[in-house]
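Coordinate inspection notes
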Amino acid sequence: MCLAVPVRVEALVDEDQALVELGGVKKHISIALLEDVQVGDYVILHVGYALSKLSEEEAQKTLELFSQMHQI
Amino acid sequence: MKYVNEFRNGDAARVLAEKIAREVHPERQYRLMEFCGGHTHTIFRYGIPDLLPANVQMMHGPGCPVCVLPMKRIDAAIELAMKHNVILCSYGDMLRVPGSHRMSLQKAKGQGADIRMLYSPADALEIARQCPDREVVFFAIGFETTTPPTAVILQQADQMGLKNFSVFCNHVMTPPAIRGILEPARQSGQTILEGLVGPGHVSLIIGANPYQDLVKDYQLPIVISGFEPLDLLHSILMLIQQVNAGSRMVENQYTRAVTDSGNQKAQAMIEECFEVRESFEWRGLGELPNSALRIREAFAHLDAERRYSLTESIGQDNKACECPAVLRGAKKPTDCKLFGTSCTPENPIGSCMVSSEGACAAYYTYRSRAIPAKSFSVNSLSKEV
Ligand code: SF4
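Residues numbered from 1 in each chain as written. Chains lettered and ligands numbered in written order. Predicted model: local features only at pLDDT ≥ 70, side-chain atom pairs only at ≥ 80, totals over all residues. Heavy atoms only, no water.

**A word on the domain arrangement of chain B**
Residues and elements named next belong to chain B.
- Assigned domains within chain B: domain 1 (29-63 + 187-252), domain 2 (67-172 + 262-307) and domain 3 (325-364).
- The gap between the C-alpha centroids of domain 1 and domain 3 is 21 Å.
- Across the contact, eleven residues belong to domain 1 and ten residues belong to domain 3.
- Both faces combined, the contact of domain 1 with domain 3 buries some 840 Å², and carbon together with sulfur accounts for 61% of it.
- Broken down residue by residue, the surface that domain 1 buries against domain 3 is led by His-41, Phe-44 and His-60, which jointly contribute 48%. (Domains from an automatic or database assignment. Contact = heavy atoms within 4.5 Å. Buried area = accessible area lost by both parts, 1.4 Å probe.)

Have a look at this one:
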């Protein structure tokens, strides 16, 4: 039920809708729950609605932490 | 899929597992509960229990909305579809949940009721628009993750002036459910858990802040976690480190998506559309105060509970079904006599066997073929994306 996935915003359709690609298929999603969505942003998608933005910077930090553990 | 595959990397998983093994004190017990059913699913799908030392135990919590909805609410949904003759729109997971007398929405559909499975609640509005001479009801269930989309469609239906649409609201809240699990133990002076894995997608909306009171009241560490296997291993490591250090804090592992204050626009929309019910029954946890939402007066015209008179059924669960104990983390699915014999995902007796996030279903589907640690590799992990 709480399944949600990160998707990249490909285009803005109107104030409340954006176009994303999911598994090779283009899809309209609602961005009514977010402020200030830009093309290129990653958002977390759940039942057709973007619930939050994904911070690419924070994602990189977590991944770097994993690779540092590897080196120790 | 970007920001998914990287978090399923097998080498990194092994490194995390080794780090966990080094960190764990052999004489200590680490009972960690993952609240969320999505986490339960990941844990079994990737064979995470096999990567953990024997004294680190994952207990499965009640964070599966399909599992915790009491039978009488299913009975009410069936009544809406059969007696009131509405088009009932529901998330697919609800269709096979057993109601009273082993009835289900799926069986109701077989008997001619008009039940539609939705991917998104927005589809329910579309159906209402296309069928102006039929009544359409959206069977809304879920935790804070799923509540904001329901708020959006309530507002849209209101703006569109839809007369033939309403919502049967069953939205529930996470922090009161965590209290529901920890409070009885606290009152009897027991410790049942050393740490809690906090739900990631619920926290996109509510943020990390609401967990502060829980940490204070129950004196146990909470780590909010992402949903990929590396996220979970990382969160388990963070919890073990806190337990060893005697620290009790809210930590956020899912920093790429969760902030302290959450999604405030979504919170405001929830506030506008819903108010807290004084009490709501949860399967397994009983009546919990201030644990669920109902539609506010301002949207009363879109509230199915006000529009239709629904009988309150008694809703007796099968006596042998251990779902209540499973949902509290007190028993494992395999402790149930019916597990895998009379109760299977094809023919569920209890709600925990229905949704893929239910502990019984996850156990049944993956336990027998859990991926052993050495084959935990990028290849074996990425193919199902
Ligand atoms: S195996 Fe079936 S009957 Fe037993 S607790 Fe799980 S859902 Fe209930």
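That was the structure; now back to the text.
**Some remarks on the packing of helix α6 (residues 122-130) of chain B against helix α7 (residues 147-160) of chain B**
All names here are of chain B.
- Packing of α6 against α7 leaves a shortest axis separation of 10 Å and a crossing angle of 25°. Judged by the inter-axis angle, α6 sits roughly parallel to α7. Viewed along their axes, α6 and α7 form a crossing whose handedness is right-handed. Contact residues: Ala-122, Leu-125 and Arg-129 in α6; Ile-153, Gln-156, Ala-157 and Met-160 in α7.
- Taken together, the residues of the contact of α6 with α7 sort by class into five nonpolar, one polar and one charged. (Axes fitted to C-alpha atoms, helices over the stretch in contact; angles between N-to-C directions. Helix = DSSP H or I, 4+ residues; strand = E, 2+ residues; numbered from the N terminus. Parallel < 35°, antiparallel > 145°, perpendicular 65-115°, else oblique. Left-handed = near helix turned anticlockwise from the far one by under 90°. Nonpolar A, V, L, I, M, F, W, Y, C, P; charged D, E, K, R; others polar.)

**Overview of the nonpolar core**
- In this structure, Leu88(B), Phe138(B) and Phe165(B) are the most contacted members of the largest nonpolar core, which totals 120 residues.
- Here Phe165(B) is in contact with Ala124(B), Leu125(B), Ala128(B), Val136(B), Phe138(B), Ile153(B), Ala157(B), His301(B), Leu302(B) and Arg307(B), once residues within four sequence places are set aside.
- Counting residues in each nonpolar core, the second largest holds 31 residues, with Phe66(A), Ala12(B), Leu32(B) and Leu233(B) among its members. (Core = buried A, V, L, I, M, F, W, Y, C linked by side-chain atoms within 4.5 Å. Buried < 20%, exposed > 50% of the residue type's maximum accessible area, 1.4 Å probe, protein only.)

**Here we look at the confidence of the model for chain A**
- Chain-level pLDDT for chain A is 92 on average; 96% of the residues reach the 70-or-more range.
- Mean pLDDT values for the elements of chain A range from 91 in helix α1 (residues 56-71) of chain A up to 96 in strand β5 (residues 49-54) of chain A. (pLDDT = per-residue confidence, 0-100.)

**With respect to the site of the ligand**
- As a matter of local geometry, the ligand sits amid Cys321(B), Glu322(B), Cys323(B), Cys336(B), Leu338(B), Phe339(B), Cys343(B), Gly350(B), Cys352(B), Met353(B) and Cys360(B).
- Across the shell around the ligand, the residue classes tally to nine nonpolar, one polar and one charged. (Near = heavy atom within 4 Å.)

**Things to note about the state of the cysteines**
Residues and elements named next belong to chain B.
- Within this structure, the stated rule accounts for one disulfide over all chains.
- Residue Cys-64 pairs covalently with Cys-67 via a disulfide, S to S 2.5 Å. Here the disulfide of Cys-64 and Cys-67 is right-handed, its torsion about the S-S bond being about 70°.
- Accessibility expressed as a relative area gives 1% for Cys-67, which makes it buried.
- Take Cys-273: it sits in no disulfide, and the sulfur closest to it among the cysteines is that of Cys-169, at 9.9 Å. (Disulfide = S-S within 2.5 Å.)

**Things to note about the interface of chain A and chain B**
- The partner chain B presents 41 residues to the 34 residues of chain A that form the contact.
- Together, the buried faces of chain A and chain B total about 3400 Å²; carbon and sulfur atoms form 68% of this surface.
- Among the ionic pairs, Lys2(B) bridges to Glu56(A), the shortest N-O distance being 3.7 Å.
- Run the count over chain A and chain B and you get ten residue pairs in polar contact (both at pLDDT 80 or more).
- Those elements that place two or more of their residues in the side of chain A that touches chain B are β1 (5-14), β4 (42-46), β5 and α1 of chain A.
- Sorting elements by how many residues they give to the side of chain A that touches chain B places α1(A) first, with ten residues.
- Tallied by class, residues from the side of chain A that touches chain B come to 22 nonpolar, seven polar and five charged. (Salt bridge = Lys/Arg side-chain N within 4 Å of Asp/Glu carboxyl O. Polar contact = N/O pair within 3.5 Å; in protein donor to acceptor, adjacent residues only side chain to side chain.)

**A closer look at the packing of helix α8 (residues 174-187) of chain B against helix α10 (residues 211-218) of chain B**
Residue and element names in this part refer to chain B.
- Two elements in contact, α8 and α10, have axes separated by 11 Å at closest approach and are oriented at 0°. Here α8 lies roughly parallel to α10, going by the angle between them. Residues Thr-174, Pro-175, Ile-178, Arg-179, Leu-182, Glu-183 and Arg-186 of α8 touch α10, and the partners they reach there are Tyr-211, Asp-213, Leu-214, Asp-217 and Tyr-218.

**Remarks on the sheet that holds strand β7 (residues 195-198) of chain B**
Residue and element names in this part refer to chain B.
- Taken together, five strands build an open sheet; the order of strands is β2-β1-β7-β8-β9 and the sheet is parallel. Edge positions in the sheet fall to β2 (56-63) and β9 (250-252), since each of these pairs with one other strand and no more. Averaged over all adjacent pairs, the angle separating strand axes in this sheet is 25°, with direction ignored.
- Direction of pairing for strand β1 (residues 30-36) relative to β7: parallel, over a ladder of three bridges. (Pairing = 2+ DSSP bridges.)

**Topic: the packing of aromatic side chains**
All names here are of chain B.
- Tallied over the full model, the rule gives ten aromatic pairs over all chains.
- Ring geometry for Phe-35 and Phe-143: centres 5.7 Å apart, planes at 85°, overall edge-to-face. Placement of Phe-35 in strand β1 and of Phe-143 in the loop between β5 (136-142) and α7 is noted, with a sequence separation of 108 residues between them. Each member of the pair, Phe-35 as well as Phe-143, is classed as buried. (Phe/Tyr/Trp six-rings, centres within 6.5 Å; stacked < 30°, edge-to-face > 60°.)

**Details of the pairing of β4(A)**
All names here are of chain A.
- Judged by how many residues are buried, β4 sits mostly within the fold: five of five residues are covered.
- The side-chain alternation of β4 yields two buried faces, one formed by Tyr-42, Ile-44 and His-46 and the other by Val-43 and Leu-45.
- Two elements, β1 and β4, share four bridges in a ladder whose sense is antiparallel. Of the residues in β4, the one forming a bridge with Arg-8 is Tyr-42.

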